Each structure stands twice: as structure tokens, then as C-alpha cells.
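Structure at a glance
The residues making up each chain are set out below.
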Amino acid sequence: MRPSLVIVGAGPRGTGLLERIAANAPELYAAQALDIHLVDPHPPGAGRIWREAQSPLLWMNSHAEDVTLFTDDTVTMAGPVHAGPTLHEWAGIEGRTFTGRRLQGAYLRWVYDRTVERLPPRIRVHHHPRRALRVTGSHAGRQQVWLEGRPRPLPADLVVLTLGHLDAELDDEQRELAAYAKAHGLVHLPPDFTADSDLSALKAGEPVLVRGFGLAFVDLMVLLTEGRGGRHEGDTYVPSGQEPVLYVGSRRGVPYHAKIGYDWTGERPPLPRFLGPAEIDRLLARPDEFDFGRNVWPLVEKELGFAHYHRLFTAHPGRTALPWPDFEAKYAVADPAERAALVASAVPDPADRLDLAALDRPLDGVRYASREALQEGLRDYIERDQTRRHDPQHSPDLAVFLALLSVYGQLVRLGDIGGWWHGFFSYLASGPPGPRLRQMLALSRAGVLRFVGADMAVAAEDGVFRASSPTAPGVRTEARALVEARLPQPTVERARDSLLRQLYADGAAATPDGLLAVDPADGRVLDRAGRPHPRRFALGPHTDARGSGAFTRPRTGGPAFRQNDATARAALAFLADLAGRAAA
């Protein structure tokens, strides 16, 4: 039998792994035969999230020049660099364009097709447009991958799970809300990928409570406004009359910060500075003492502050009171209290100081006396934030963004560090395009979108849903529909994916947050004794080595690319050894 590798999930992460197999095969797999089976009901390359068959109104939240599926010499890996075009180079569009997801899907399909063409002649790829249901087989022998609608399994010498974003069973709160909605004839839409949600139950003119103010909300907003025939004319929204009225709130009560709308100029902050490989090595050396708040966050805070002040002192020296070398020397050795005093003395205007707590919770302590005052206050906040994100006078914000990317790349090595950091990163660094916030403001002025505030609470009572927020004490909003505007958070126990649940039931380890535990070196699935499975690997957001997204900005080190390369090389080495022993 020909050696066989099964990759479950043919979206961008599976495609990225395939690209690394193609890059490494000439060194590690020579002219031997291999069948690669890609299992995914959605098109290879794009997968579910980026498939071309979705609304043309939905955009990427990254500039086209910031999207690539190809490695470069900034990626720390053992395999060779195989360069390729970014999305904007491939499509021939302006680099700062926010393209539709359909175009991204076409780019990913092209990357997939090119990768298949580059594989050695005796490596064949087969796509199975089905769901994988379970994996069986011993540690020592071939695995069997069972597919929906097929009576016999695919034989596999190795299995790699690149499952991407998964659906989840409802948690206790969502089950209670769903049951209440069913009993009282209400509408409850749980966390979901918005492009797949059935929004037809949200009726024109009726109030809808929306909990969540990130990218899932932006998609919802677009589909329920422009998607129902409304249109934007400059800064004015012209309704079609088919829109519901969206009452939106969240923990922070404000939308994610928009993407920064200017380019970097001048000297870059030398990153990493206070949170690099050596610091991560020290944290990994004492896992029993590891605590994010005590051991990691202080280093993150110092790193982000360093980038902010490096930019302020080098690009805007007139707003500082010390030469940069003097400030840097004192900053490097100061404890948190000493750093605060140093910043106060060296940066005269408080508006030029980095306050991460205020950034994270901008509505803490803010109170509005009425619903209309809240609307005016939130519109003012969004307008000021939008102006700032497009003003190079605030370029320390872009330096902090670069530092966030650097920190993210380092923290990948620590595995599952909890959801708070990922939410904080996304809020500051992975928000919507600026035009989406302008549309948000236009919808607010048109009365189609209304703000609820921070720490939004939802109660199911008296046959309806009611929302409240301490941002506007005494203001209550009543509706017969509730939408949870966020992606599901599938754990190994609650994922609707039967394969992942079965792995856990069969002894695979999980983190306290319910992520599949894998060996950080090469992605092998770990059992509950910490032993790696020799024939099963996993990559992506369902694992504790989830890293960054499946594609990333060019020349930023791409942690996911590093992981893909390590897994590809481990798989090829295993298969080559297997083929050699079989030939002998």
C-alpha cells in the first residue's frame, strides 16, 4: 500500500501545511510515493470561512498588502523559504484595500492549486468533500479516518487535524435562553459564524438585542442593513425599511478599534525588547509557578510601553521632556511604580501616555442620564477614535500595534494562556476597517443602530428579553429577539465536531479552557499523561498552540508558518522512515 497522510480541514491552515509539505518534500521525502487526502466539505484553499459562496458585502478586516500564505526569511523554521505574492500583489489591487472575502477565497484557492502543482510527481492529492466523523487505530499501526456517507474508512499512516473554527453545543446560559425563547415565542440566535446564520426571523422595524461588539457584530450589521436593501450615501444611511433596530452592547460597550489608516515612517522600535525568546524560555522553565497576571502581563505591559515611548520620543520629541537615551536607560531598570513616575516627569501631556487599563475599558466610571445622552456620547467616542486612528500625530498607536504582533508571536510558545489576552489583542489590533465605523455612525444617526453600554446584562423575564447597562442606569431595553454576536468557543467536550469529541473521549488531553493539548515542538496530540501520539497531529484554534491566524502579515515572523513547517517536517520524516523500513 502507498503511504497515506490524511489532513482533516482543507481551509487556509490545511493549505498552509500542504505548502510546507511541498517545500520540504525534496529534502525529506525524495522520490517516494505518497497519497495525501484532504477531508473537508468546503472548497480546498478557502474552506468554510473564506469560501467564495458568501455575501459580496462581507469584507476582510485586513489590508490586502497584509495578507499572505507564503513564508519569508523572518520566519524561524528549519524548512526552506518559498516566496509568493501577497493578496494585493496577486490580485493587482492597491495594497491598503479592504477586499471582499470572496476575493480572499479566490486567492486561497490559487495558493492551493499552485501548491499541488509544486508537489513531487509521486505525491498525489485527493480531496474528499465530506465530514470526518472519527479516527480509530492504535499508536503502533495505521489509523482509520471514518467519513460521513462512506462505509469504509480512509487508511492513514498519519492524521493531521487542521479543523479551523468550529461550531459548539450551547453552554448552560445559552441553553436556558434558547429554552426561554422557545417557550415564549421569542427569537434567540446563539454564537455562530454570521455568514451562516439564518437572519430571516429578525423582522423589519422590530428591536433586536445584540450582545457582542466585535467583528461578528460588524458582519451582522452589514447583512441586516445593506443586505436588506439599504445604502450608504457618503456619511448618510438611507434605509430600505426592511431593517430591524439593533440595540448593541458588550463587556466594553464600544466597538473594536478600527484598523490604523496611515503607513509607518522612520525608525521602528527594536522588538522584541523585554518579552523575547529568553523571557519565554525562563517562563517555560518554571511551569508550576506560571501565572499570566503575575509572570506574563507585566512583561507585556513593559513591551507595549517601550514601543509606544520609543515612537513618541523619536518621532515626536517636542512632546517629551527628556532625551530618548536617558529615558530608555531609566525605563529599562524601573519597576512599575518607578516607570509611572518616570513617564509622568518625561511626558508632560497625559494624553501622550500609554494607559492600557483605560484603553481596555473606556467606559469604566462613565455614566449617562438618558438613552439619547448615551447615543450622543458613544457617537462622540467613535468619531474621536476614528479620527485618531487616521492621524499620524498619534503614531505611537501604530508602534503599540507592532509590539502587539511581536508579543503575540512570543506568547504562542506558552500554549493556552486563557481567553482574556486574545480578546485584548483582537480589540486593539484586529478591529474592523475604518469605513465600517463610519457606517456604524451613519446607522446610529439614522436610528437603525442604538448603543446599550458596557457590561451589558440580559434578562429573560415577563415573556421578553431585557437589556441594561451601568453606563446608563435606569435605561432598559425590551425586545423579542436576542442575537449573540460572537463566534462559538468550542471546547473538546462541547464542539459539535464529533471527531474532536471522540479524540477527547479516547484519552486526548485538554487544557483547563478546553483546548486540545499538543506538543509545542511539532503539534503531536498529547494524551492525559503528556505523551505525544506518534501518528496524530493537530494545528489551529482548537489547540493550545493556536498561534496567530492561518495567514499573516508579510515579514512578521508568522508563528503559524513556523508551526506548519515543524509539523510538515515531522510528518515527512516519519513517513520517509516508514517507507524505508517497508522497502527493506
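Described below are features of the structure shown in this document. (Residues numbered from 1 in each chain as written. Predicted model: local features only at pLDDT ≥ 70, side-chain atom pairs only at ≥ 80, totals over all residues. Heavy atoms only, no water.)

Some thoughts on the overall build of the protein chain
For the protein chain, the helix and strand inventory stands at 16 helices and 19 strands. Overall, the C-alpha framework of the protein chain stretches about 80 × 65 × 50 Å when taken along its three principal axes. The buried share of the protein chain, reckoned over its 584 residues, is 55%. Of the contacts formed within the protein chain by residues at least 6 apart in sequence, a portion of 75% connects residues at least 24 apart. Carbon and sulfur atoms make up 52% of the accessible area of the protein chain, which totals about 23,900 Å². If you average the places of the 69 positive and of the 71 negative side-chain charges in the protein chain, the two averages end up 4 Å apart. (Helix = DSSP H or I, 4+ residues; strand = E, 2+ residues; numbered from the N terminus. Buried < 20%, exposed > 50% of the residue type's maximum accessible area, 1.4 Å probe, protein only. Contact = heavy atoms within 4.5 Å. Areas by Shrake-Rupley, 256 points an atom, 1.4 Å probe, with all protein chains shown as cover. Lys, Arg positive; Asp, Glu negative; His and termini not counted. Charge placed at Lys NZ, Arg CZ, Asp CG, Glu CD.)

A closer look at the sheet that holds strand 19 (residues 532–538)
Pairing is mixed across the open sheet formed by 6 strands, whose spatial order is 3-2-1-7-19-18. At either end of the open sheet lies a strand with only one pairing partner, and these are strand 3 (123–128) and strand 18 (524–526). The sheet shows a mean angle of 30° between the axes of neighbouring strands, taken without regard to direction. Alignment of strand 2 (residues 34–39) against strand 3, held across 6 bridges, turns out to be parallel. Looking at strand 3, one finds that Leu 34 is bridged to Ile 123. Packed on one face of the sheet, helix 16 (residues 559–583) meets strand 1 (4–8), strand 2, strand 7 (158–161), strand 18 and strand 19 and runs near 135° to strand 19. (Pairing = 2+ DSSP bridges. Axes fitted to C-alpha atoms, helices over the stretch in contact; angles between N-to-C directions.)

Overview of the nonpolar core
Core analysis: the largest hydrophobic core is formed by 73 residues, its most contacted members being Phe 217, Leu 411 and Trp 421. For this core, the element with the most residues is helix 12 (residues 396–411), which contributes 10 residues. In contact with Phe 217, other than residues within four places in its own chain, are Val 210, Gly 212, Leu 246, Val 248, Met 440, Leu 449 and Ala 485. Core analysis: the second largest hydrophobic core is formed by 28 residues, Leu 5, Leu 17, Ala 22 and Tyr 112 among them. (Core = buried A, V, L, I, M, F, W, Y, C linked by side-chain atoms within 4.5 Å.)

Focus: the side chain of Arg 101
If you trace the backbone, Arg 101 turns up in helix 3 (residues 101–118). Apart from the residues lying within four places of it in its own chain, the contact partners of Arg 101 are Trp 50, Gln 54, Leu 58, Trp 59, Met 60, Phe 193 and Asp 219.

Brief notes about the packing of helix 7 (residues 292–315) against helix 8 (residues 324–333)
For the pair helix 7 and helix 8, interaxial distance at closest approach is 10 Å and the crossing angle is 170°. As far as their axial angle goes, helix 8 and helix 7 are roughly antiparallel. Of the residues in helix 8, those touching helix 7 at Glu 301, Lys 302, Gly 305, Phe 306, Tyr 309, His 310, Phe 313 and Thr 314 are Trp 324, Phe 327, Glu 328, Tyr 331 and Ala 332. Considering only residue class, the contact of helix 7 with helix 8 consists of 7 nonpolar, 3 polar and 3 charged. (Parallel < 35°, antiparallel > 145°, perpendicular 65-115°, else oblique. Nonpolar A, V, L, I, M, F, W, Y, C, P; charged D, E, K, R; others polar.)

Quick word on the pattern of salt bridges
Charged atoms that come close allow side chains of opposite charge to pair. Counted under the stated rule, the structure contains 42 salt bridges. Close ionic contact of Asp 157 with Arg 535 constitutes a salt bridge, the shortest N to O distance being 4.0 Å. Of this pair, Asp 157 sits in the loop between strand 6 (154–156) and strand 7 while Arg 535 is found in strand 19, placing the two residues 378 residues apart along the sequence. Each member of the pair, Asp 157 together with Arg 535, is buried. A single network of salt bridges, built from pairs that share partners, joins Arg 48, Arg 51, Asp 167, Asp 192 and Asp 196. (Salt bridge = Lys/Arg side-chain N within 4 Å of Asp/Glu carboxyl O.)

Observations concerning the pairing of strand 5 (residues 143–147)
Going residue by residue along strand 5, you find Gln 143, Val 145 and Leu 147 tucked away on one face and Gln 144 and Trp 146 left uncovered on the opposite face. Hairpin connection between strand 4 (residues 132–136) and strand 5: a loop of 6 residues separates the two successive antiparallel strands, and Gly 137 in this loop has a positive phi of roughly 125°. Sheet topology places strand 5 next to strand 6; 3 bridges connect them, and they run antiparallel. Each residue of the ladder has a partner; that of Gln 143, found in strand 6, is Ala 156. Linking two consecutive strands that pair antiparallel, namely strand 5 and strand 6, is a turn of 6 residues; a positive phi of about 80° is found at Gly 149 within it.

Structural measurements only, silent on function.
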